[in-house]
Amino acid sequence: DEFILLLNRHSASTNEEVKQYFKQQTEQAVLAATDKQTAGRGRRGRVWHSPFAQNLYFSLGLTVNLPLSALSGLSLVVGIAVADYLRQLNIYTELKWPNDIYLDGKKLGGILIELEGDFEPPCNLIVGVGLNVNMHSDESEIDQAWQSLASYRGELFSRDDLLISLSRQIKQYIEEFVQSGMSRFVQKWAQYDRYLDKQVTLMSGNNKKIGINRGIDQLGNLLLETQFGMQTISGGEISLRAT
Ligand code: ATP
Ligand code: BTN
C-alpha cells in the first residue's frame, strides 16, 4: 500500500512514466522502475546511460503540500537518503551539490527531480534516481569516470532488494523534509559533501564563479565564499567542478 508499482523491462525514462501517471491521478504515491531506459536523462538533457538489467533506474511520484520555493533542498535530501542507506552496507559514498552520488571518487549515481503540473501547492514531485549497481567495467559510453556497487565490492547486488529498501528510505526522508524542513539534513550533508571547504568553480552557461564551498544553508542553497564575501547559490542550472 505504500506505492503503486510500475515495473517495466523497457522504458524511455522512468521520470517520463511518472509524469504520464500524474496526468491520470495523484491520489497515491507511485514507484516506476525499469530494467533499461532508452531515453534516460540527466540534468540539462544530458544522457543517462541505462543498459539492460544492470543498474537501478527508478522514479518516485509523490504529491506534497509545499510551495516550489520550499523544495530547493530536495535533491540533497534524496542524496542523503541514498548515502545513509549505503552506509549501512559499509559503502561510504560522497555527494556533490546538488544531485550527484560518488563512490571512490567516481560517479555512482545521480538524482533528477522534476515537477508535473502547476507550480502551486500541492506539488507533484518526480524524484528520479539512477544508481550503478552491477554495471561492469567494459562499458565505455560514459564520458566521465564511473563506479558501480559491484565493481567496487567485487560481488553482485540484488537490484530488487536495493530498489525496495532505497525507495522506502527516500520516501521516509522526503516525508521528514516536508514535515520539518532541512534542519537535520544540513548537518548530514556536511558529512557527505565531497567538496566541503575546497575551492570549486561553479558554471552556469558562460558564467563562472570561483570560491570555497562552505556547505549549505537551511534551504539547501550552496554557500560559496568568494573574494566578494559569502554568496548563496541556488540549484537550477549550476554545475560545480573541482577547481
Ligand atoms: P553536474 O550535475 O554537476 O552538471 P554532471 O557532469 O555529472 O554534473 P549530470 O547532468 O548530473 O552532469 O549527469 C549526466 C552525466 O553523467 C553524463 O553527461 C555522463 O557524463 C554521466 N553519466 C551518464 N550515465 C552515467 C552512468 N550510468 N553512471 C555514471 N555516470 C553517468
Ligand atoms: C544526473 O546525474 O544528472 C541525474 C541522473 C538521473 C538518472 C535517473 S535514472 C531514473 C530517472 N529517469 C531518468 O530519465 N533519469 C532519472
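See the structure printed just above.
Heads up: these notes are all about the structure in this document. Residue numbering note: each chain is counted from 1, following its sequence as written. Chain A is the first chain written and ligand 1 is the first ligand written, with later ones labelled in order. The predicted origin of the model limits local features to residues at a pLDDT of at least 70 and limits the giving and counting of side-chain atom pairs to 80 or more, whereas totals for whole chains, interfaces and linings rest on all residues. Side-chain metrics rest on all non-hydrogen atoms present in the structure, leaving aside hydrogens and water.

### Some points on the overall build of the protein chain
A run of DSSP states H or I qualifies as a helix once it reaches four residues; a run of E qualifies as a strand once it reaches two. Both are numbered from the N-terminal end. A count of helices and strands for the protein chain gives five helices and twelve strands. Across its three principal directions, the C-alpha atoms of the protein chain cover 50 × 45 × 35 Å. Classification of residues uses two cut-offs on accessible area relative to the type maximum, computed with a 1.4 Å probe and protein chains only: under 20% is buried, over 50% is exposed, and between them is partly exposed. Counting across all 243 residues of the protein chain, residues that qualify as buried make up 53%. Contact criterion: two residues are considered in contact whenever any of their non-hydrogen atoms come within 4.5 Å of each other. Across the protein chain, contacts joining residues at least 24 apart in sequence account for 64% of those joining residues at least 6 apart. Split by element, the accessible area of the protein chain, about 11,700 Å² in all, is 46% carbon and sulfur. Method for areas: the Shrake-Rupley scheme with a 1.4 Å probe, in which residue coverage is limited to the protein chains shown.

### Observations regarding the site of ligand 2
The criterion for a residue being near a molecule or strand is simple. One of its heavy atoms has to lie within 4 Å of it. Residues in close proximity to ligand 2 total 20 residues, the closest being Ser-13, Gln-37, Arg-41, Arg-43 and Lys-107. Within the side chain of Ser-13, a nitrogen or oxygen atom sits 2.8 Å from an oxygen atom of ligand 2. In the analysis that follows, any N or O atom pair within 3.5 Å is treated as a polar contact, provided that within protein one partner can donate a hydrogen and the other can accept it, and provided that, for residues neighboring in sequence, both atoms belong to side chains. Between Asn-99 and ligand 2, the recorded distance is 3.5 Å, taken from a side-chain N or O atom to an oxygen atom. For ligand 2, whose accessible area on its own is 410 Å², the fraction buried by protein is 98%. Those elements that place two or more of their residues in the shell around ligand 2 are helix H1 (14–24), strand S3 (56–64), strand S6 (106–116) and strand S7 (123–131). The dominant element in the shell around ligand 2, judged by the number of residues it contributes, is S6, at four residues. Residue type decides the class: Asp, Glu, Lys and Arg count as charged, Ala, Val, Leu, Ile, Met, Phe, Trp, Tyr, Cys and Pro as nonpolar, and the leftover types, Gly among them, as polar. In terms of residue class, the shell around ligand 2 is made up of five nonpolar, eleven polar and four charged.

### Details of the environment of Thr-93
Looking at where Thr-93 falls in the secondary structure, it is placed in the loop between helix H2 (74–88) and strand S4 (94–96). Placed 34 residues apart in sequence, Thr-93 and Ser-59 show a C-alpha to C-alpha distance of 21 Å. Leave out the neighbours within four places in its chain, and Thr-93 touches Ala-83, Leu-86, Ile-101, Tyr-102, Leu-103, Leu-108 and Tyr-192.

### Observations concerning the packing of H2 against helix H5 (residues 183–192)
Axis angles are defined between N-to-C directions and span 0 to 180 degrees, where every axis is a line fitted to C-alpha atoms and, for a helix, only to the segment in contact. In the contact formed by H2 and H5, the axes pass within 10 Å of each other and the chain directions differ by 60°. Taken together, H2 and H5 sit at an angle that is classed as oblique. Seen along the crossing, H2 lies across H5 with a hand that is left-handed. Across from Leu-76, Val-77, Ile-80, Ala-83, Asp-84 and Arg-87 in H2, the residues of H5 making contact are Phe-185, Lys-188, Trp-189, Gln-191 and Tyr-192. Angular relationships are summarised with four words: roughly parallel below 35 degrees, roughly antiparallel beyond 145, roughly perpendicular across 65 to 115, and oblique for the angles in between. In a left-handed crossing the near helix is turned counterclockwise from the far helix by less than a right angle, and in a right-handed crossing that turn is clockwise.

### Side note on the nonpolar core
Among the nonpolar cores identified, the biggest contains 56 residues, and Phe-58, Leu-149 and Ile-170 are the most heavily contacted of them. Among the elements that take part in this core, H2 stands out by supplying ten residues, more than any other. Contact partners of Phe-58, with chain neighbours within four places excluded, come to Thr-14, Leu-31, Ala-32, Ala-33, Val-127, Gly-128, Val-129, Leu-163, Leu-166, Ser-167 and Ile-170. Each nonpolar core is a collection of buried residues, namely Ala, Val, Leu, Ile, Met, Phe, Trp, Tyr and Cys, held together in the definition by side-chain atoms within 4.5 Å. Of all hydrophobic cores here, the second largest spans six residues; its members include Val-18, Phe-22, Ala-32 and Ile-126.

### Some points on H1
Of all the residues in H1, the buried ones are Thr-14, Asn-15, Glu-17, Val-18, Lys-19, Tyr-21 and Phe-22. Against strand S1 (4–8), strand S2 (30–34), S3, S6 and S7 lie the buried residues of H1. Its side-chain oxygen placed 3.3 Å from the backbone nitrogen of Asn-15, Ser-13 serves as the N-cap of H1.

### Describing the packing of H2 against helix H4 (residues 159–180)
Put simply, H2 and H4 touch, their axes get as near as 9 Å, and they point 135° apart. Accordingly, the angle class assigned to the pair H2 and H4 is oblique. Seen from above, H2 lies across H4 with right-handed handedness. Along its contact with H2, which presents Leu-74, Val-77, Val-78, Ile-80, Ala-81, Val-82, Asp-84, Tyr-85 and Gln-88, the element H4 presents Leu-162, Ser-165, Leu-166, Gln-169, Ile-170, Tyr-173, Ile-174 and Phe-177.

### Concerning unusual backbone geometry
Keep in mind that most residues, glycine aside, have a negative phi and that most peptide bonds are trans. Cis geometry is adopted by the peptide bond preceding Pro-98, which originates at Trp-97 and carries an omega value of 0°. Residue Pro-121 is joined to Pro-122 through a cis peptide bond whose omega torsion reads -5°. Among the secondary structure elements, Pro-122 is positioned in the loop between S6 and S7. The phi dihedral of Asp-197 falls on the positive side, at around 65°, and the residue is not glycine. Among the secondary structure elements, Asp-197 is positioned in the loop between H5 and strand S8 (199–204).

### Quick look at the side chain of Ser-75
Examined against the element boundaries, Ser-75 turns out to sit in helix H2. Excluding its chain neighbours within four sequence positions, the residues that come into contact with Ser-75 are Pro-98, Asn-99, Ile-111 and Ile-113.

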